[in-house]
Amino acid sequence: DDFLKLLTGMIDFLLPQYINEGKTSLVVAIGCTGGRHRSVTVANVVAQHIDSMGFKQSLMHRDIQKG
């Protein structure tokens, strides 16, 4: 929970800064050694958070189908 609060807090700070600088995208990549557990959950939470802020987001789980 603490990690997700810090991560979403960083995104809360970064997105308006990127917009103020005229940037049109922010790429956030999250990974772990297996790519099917924590990284998937964290990526889903981050995508939902960005969406709740009213920003367009795109979520891709690169290795979730591999096994």
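Residues numbered from 1 in each chain as written. Predicted model: local features only at pLDDT ≥ 70, side-chain atom pairs only at ≥ 80, totals over all residues. Heavy atoms only, no water.

Peer 1: Would you mind going over the overall build of the chain in detail, with residue names and values included?
Peer 2: For the chain, the count of helices and strands is 2 helices and 0 strands. Each of the 67 residues in the chain was classed as buried or not, and the buried ones make up 19%. Considering only contacts in the chain between residues 6 or more positions apart, those separated by 24 or more positions represent 50%. As displayed, the chain offers around 5,400 Å² of accessible surface, 53% of which is attributable to carbon and sulfur atoms. (Helix = DSSP H or I, 4+ residues; strand = E, 2+ residues; numbered from the N terminus. Buried < 20%, exposed > 50% of the residue type's maximum accessible area, 1.4 Å probe, protein only. Contact = heavy atoms within 4.5 Å. Areas by Shrake-Rupley, 256 points an atom, 1.4 Å probe, with all protein chains shown as cover.)

Peer 1: Quick one: what's the story with the pattern of salt bridges, residue by residue and with numbers?
Peer 2: When their charged atoms lie close together, side chains carrying opposite charge are able to pair. Under the definition given, this model contains 1 salt bridge. Here Glu21 makes a salt bridge to Lys23, at a shortest N to O gap of 3.1 Å. (Salt bridge = Lys/Arg side-chain N within 4 Å of Asp/Glu carboxyl O.)

Peer 1: I'd like a rundown of the packing of helix 1 (residues 2-20) against helix 2 (residues 38-52), residues and numbers included.
Peer 2: Axis separation between helix 1 and helix 2 bottoms out at 11 Å; the angle between their running directions is 40°. Overall, the two elements helix 1 and helix 2 adopt an arrangement that is oblique. As for how helix 1 packs across helix 2, the hand of that crossing is right-handed. Between helix 1 and helix 2, the residues in contact are Phe3, Leu4, Leu7, Thr8, Ile11, Asp12 and Leu15 and Val42, Val45, Val46, His49 and Ile50, respectively. Here the contact of helix 1 with helix 2 is composed, by residue class, of 9 nonpolar, 2 polar and 1 charged. (Axes fitted to C-alpha atoms, helices over the stretch in contact; angles between N-to-C directions. Parallel < 35°, antiparallel > 145°, perpendicular 65-115°, else oblique. Left-handed = near helix turned anticlockwise from the far one by under 90°. Nonpolar A, V, L, I, M, F, W, Y, C, P; charged D, E, K, R; others polar.)

Peer 1: Hey, could you go over helix 1 for me, with residue numbers and the actual values?
Peer 2: Given a rise of 1.5 Å per residue, 19 residues ought to cover 27 Å, and the 28 Å separating the end C-alpha atoms of helix 1 matches this to within 8%. Of all the residues in helix 1, the buried ones are Leu7, Thr8, Ile11 and Leu15. The buried residues of helix 1 occupy an angular sector of 95° when projected down its axis, which confines them to one face. Summarising the geometry of helix 1, the exposed residues directed more than 90 degrees from the buried face are Asp2, Lys5, Leu6, Phe13 and Asn20. Check the buried side of helix 1 and you find it contacts helix 2. Backbone geometry just downstream of helix 1 places Gly22 in the positive-phi region, at approximately 85°. (Expected span 1.5 Å × (residues − 1). Arc of directions from axis to C-beta.)

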